[in-house]
Amino acid sequence: MQNRMMITGAGSGLGREIALRWAREGWQLALSDVNDVGVAETLKMVREAGGDGFTQRCDVRDFSQLTAFAQACEEKLGGIDVIVNNAGVASGGFFNELSLEDWDWQIAINLMGVVKGCKAFLPLLVESKGTIINIASMAALMQGPAMSNYNVAKAGVVALSESLLAELKMQEIDVHVVCPSFFQTNLLDSFRGPKPEMKAQVGKLLEGSPISAADIADYIYQEVAKGQFMILPHEQGRMAWAVKQKNPQLIYDEMAAMADKMRMPRTK
Ligand SMILES: NC(=O)c1ccc[n+]([C@@H]2O[C@H](COP(=O)([O-])OP(=O)(O)OC[C@H]3O[C@@H](n4cnc5c(N)ncnc54)[C@H](O)[C@@H]3O)[C@@H](O)[C@H]2O)c1
């Protein structure tokens, strides 16, 4: 029976809601974050929801912290069945304004954090014939303007997931990648970008979501059970992705118009 899940970035937002969704099924949760207070609160909520587990501080940029976390899962839970690479940060800014440091920071957390999570936990997943759930974003598929470093990191997560889907099939390890549109969490707290006013724009997008982090966690739960590889929780996202696959130019034109609008007022 599979009932042990590890989550990165479990101290807030989607990571917390995923923990609670699986806790309601009685799972054991290995919860990590760089936010000690948040992750302790998640464990308390997990226990109230019918699950149990432990917390361990883990910065996903540091491979040695991830391997130590995997070792703790082996010692405390006897292994792991599902890993959720969820930890992430927000960024924004046009390409000409983003610094190389902005790029390094974004790639180190949102892309290499997932690579390192998969690598550190692979031996345990081979043993359990487990499951990988990587949290990407619609930004991986739609590439909105003024977030190129985030788009690239998340597109990398989709490419990594597709690669692992093929490579790990022989070992009976399932892979899923989740691409939500914007939804309300504490993601804005981590925002980094050259122009502070961009943060307010991202905030408006988060607020505008018709579905909550809890709804998304529930949708992930259902789709994983169905064996769906690419999970798109927002209906609008599913529609936009269908349009792009049929007629990518339509989306490119829409993104260019959006970039123009964001740059207003313009003299042209
Ligand atoms: N909120 C959205 O609109 C949205 C949309 C698409 C995808 N996502 C993705 O969902 C995931 C969860 O984000 P959220 O919206 O719940 O945000 P959140 O800020 O509420 O939660 C993210 C958690 O990750 C943790 N974290 C940040 N850097 C870390 C690091 N280096 N090591 C370990 N933990 C770290 C934070 O402390 C936080 O607890 C992220 O990967 C994000 O990119 C979010």
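Predicted model, so just to flag it, every value in this text is computed and none were measured.

A. A look at the packing of helix 1 (residues 13–23) against helix 2 (residues 36–49). The interhelical angle for the contact between helix 1 and helix 2, taken along N-to-C directions, is 20°, at an axis separation of 9 Å. Here helix 1 lies roughly parallel to helix 2, going by the angle between them. Read as a crossing pair, helix 1 and helix 2 show a hand that is right-handed. The residues of helix 2 that touch helix 1, namely those facing Arg16, Ala19, Leu20 and Ala23, are Gly38, Glu41, Thr42, Met45, Val46 and Ala49.

B. Molecular detail of the pattern of salt bridges. This model, assessed by the stated rule, comprises ten salt bridges. Notably, a salt bridge pairs glutamate 48 with lysine 44, separated by 3.9 Å at the nearest N-O pair. Highlighted residues: glutamate 48 and lysine 44, both in helix 2, separated by four residues, approximately one helical turn. Among the residues examined, glutamate 48 registers a relative accessible area of 60% and is labelled exposed. Assessed through its relative accessible area of 48%, lysine 44 is described here as partly exposed. Aspartate 102 is the partner of arginine 192 in a salt bridge, and the nearest nitrogen-oxygen pair spans 2.8 Å. One end of the pair, arginine 192, is in the loop between strand 6 (174–178) and helix 7 (196–207); the other, aspartate 102, is in helix 4 (residues 100–128), and 90 residues separate them in sequence. Residues joined in a network through salt bridges with shared partners are Arg21, Glu25 and Asp218.

C. The side chain of aspartate 33, seen in detail. Along the chain, aspartate 33 turns up in strand 2 (residues 28–33). Within the local environment of aspartate 33, its side chain forms a polar contact with the backbone nitrogen of asparagine 35, the two atoms lying 2.8 Å apart. Apart from residues no more than four positions distant in its own chain, aspartate 33 is found in contact with Gly9, Ala10, Gly11, Ser12, Val39, Gln56, Arg57 and Cys58.

So, how was this worked out
Residues numbered from 1 in each chain as written. Predicted model: local features only at pLDDT ≥ 70, side-chain atom pairs only at ≥ 80, totals over all residues. Heavy atoms only, no water. Axes fitted to C-alpha atoms, helices over the stretch in contact; angles between N-to-C directions. Helix = DSSP H or I, 4+ residues; strand = E, 2+ residues; numbered from the N terminus. Parallel < 35°, antiparallel > 145°, perpendicular 65-115°, else oblique. Left-handed = near helix turned anticlockwise from the far one by under 90°. Contact = heavy atoms within 4.5 Å. Salt bridge = Lys/Arg side-chain N within 4 Å of Asp/Glu carboxyl O. Buried < 20%, exposed > 50% of the residue type's maximum accessible area, 1.4 Å probe, protein only. Polar contact = N/O pair within 3.5 Å; in protein donor to acceptor, adjacent residues only side chain to side chain.

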